[in-house]
Amino acid sequence: MSPPPSLLGVFAHPDDESLLAGGVLAQHAAGGARTAVVTTTWAPTGHRAAELEDALGVLGAGRPRMLGYGDARDTASAPGSPRFCDAPLDEVVARLVAEVREFRPDVVVTHDALGQLTGHPDHRHTHRVTLLAVEAAGFAHLYPEAGAPWRTRALYSATHPHSGVGDLGPLLTGVGKAVLSVPDAYVSATVDVAAWADRKWRAILAHRSEAERERSLPGLLARAGEEARGRVLGTEYYSRLGLSPSPGGLRRLTT
């Protein structure tokens, strides 16, 4: 039996990978697939980077790959570097193209266009940059200095349908946060990751500084009941985004 497809996650902050795709990352790694995560913000030194390394170790997703830009809401996240949302777009895309071409994933997973429930600007910008970079990585004449071209087979956004918000809604609104979800029809894959929920939870807890904060999602989950937490962690939702070219010969646009 062949291993599942290789999987690259591209997420904004240390902990996003565990919260949003920890189950799928663990599932693929356990099945023998290559897995990795690119994190667009926070410096590759300091406590958040060390916590990320521990979390990726739990998930079997290799070493941290951090672009090192500043968090839009934390000036101490990457001293001396621009905020991710302020960095030159072409520079950021080129750096992510290099990561895609170096790892050569079959599947890439990132944030959805809404910015993952709370609409964080770094989440939204990571979504935009990932779409550009995954597309550009397949063309030899774009960013030739970033390595040999590589065309990813599938691109997914981790998301939450209206019907799948469940226990997350009260947790987030209880501390004044937004809850942004998508119509159920937008979801392409509903993945039961209950078998990997314990590993996913250990990866989330590896982000110790976030689990200690009162308003962060790791902190909210840490204080939630075990039953509610299990429901949140046991299912992941993904929307497949258009990527691969259709076969040639079409004489009109199709849907």
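Here, the structure is the one placed above.
Note that the coordinates shown come from a computational prediction; the quantities given were computed from them, not determined experimentally. (Residues numbered from 1 in each chain as written. Predicted model: local features only at pLDDT ≥ 70, side-chain atom pairs only at ≥ 80, totals over all residues. Heavy atoms only, no water.)

Draft legend 1. Focus on unusual backbone geometry. Of note in the backbone geometry, Arg-104 takes a positive phi value of approximately 60° without being a glycine. Inspection of the secondary structure assignment puts Arg-104 in the loop between α3 (89–103) and β4 (107–111). Exposure remark for Arg-104: the relative accessible area of 32% places this residue in the partly exposed category. Phi at Tyr-143 takes a positive value of approximately 50°, unusual for a residue other than glycine. Mapping Tyr-143 onto the fold places it in the loop between α4 (121–136) and β5 (154–159). (Helix = DSSP H or I, 4+ residues; strand = E, 2+ residues; numbered from the N terminus. Buried < 20%, exposed > 50% of the residue type's maximum accessible area, 1.4 Å probe, protein only.)

Draft legend 2. Region of interest: the packing of helix α2 (residues 47–59) against helix α6 (residues 197–206). Interhelical geometry of α2 versus α6 gives an angle of 170° and a closest axis separation of 8 Å. By the angle class used here, α2 and α6 are roughly antiparallel. Between α2 and α6, the contacting residues are Glu-51, Asp-54, Ala-55, Val-58 and Leu-59 on the first element and Arg-199, Lys-200, Arg-202, Ala-203 and Ala-206 on the second. Grouping the amino acids of the contact of α2 with α6 by side-chain chemistry returns five nonpolar, no polar and five charged. (Axes fitted to C-alpha atoms, helices over the stretch in contact; angles between N-to-C directions. Parallel < 35°, antiparallel > 145°, perpendicular 65-115°, else oblique. Contact = heavy atoms within 4.5 Å. Nonpolar A, V, L, I, M, F, W, Y, C, P; charged D, E, K, R; others polar.)

Draft legend 3. Quick look at the environment of Glu-236. For Glu-236, the location among the structural elements is in strand β7 (residues 235–241). For Glu-236, a relative accessible area of 2% corresponds to the buried category. The contact partners of Glu-236, leaving out residues within four places of it in the chain, are Leu-20, Ala-21, Gly-22, Gly-23, Val-24, Ala-189, Thr-190, Val-191, Val-193 and Lys-200. Looking at Glu-236, its side chain comes within polar contact range of the main-chain nitrogen of Gly-22, at 3.4 Å. (Polar contact = N/O pair within 3.5 Å; in protein donor to acceptor, adjacent residues only side chain to side chain.)

Draft legend 4. Looking closely at the pattern of salt bridges. Tallied over the full model, the rule gives 10 salt bridges. Its salt-bridge partner being Glu-210, residue Arg-48 comes within 3.4 Å of it at the nearest N-O pair. Taken as a pair, Arg-48 in helix α2 and Glu-210 in helix α7 (residues 208–211) lie far apart in primary sequence, 162 residues in all. A single burial state applies to Arg-48 and to Glu-210, both of which are buried. With a closest N to O distance of 3.2 Å, Arg-208 and Asp-54 form a salt bridge. With Arg-208 in helix α7 and Asp-54 in helix α2, the pair connects residues that are 154 residues apart, well separated along the chain. For Arg-208, a relative accessible area of 40% puts it in the partly exposed group. Residue classification places Asp-54 among the partly exposed residues on the basis of a relative accessible area of 38%. Via salt bridges that share partners, Arg-48, Glu-210 and Arg-213 belong to a single interconnected network. (Salt bridge = Lys/Arg side-chain N within 4 Å of Asp/Glu carboxyl O.)

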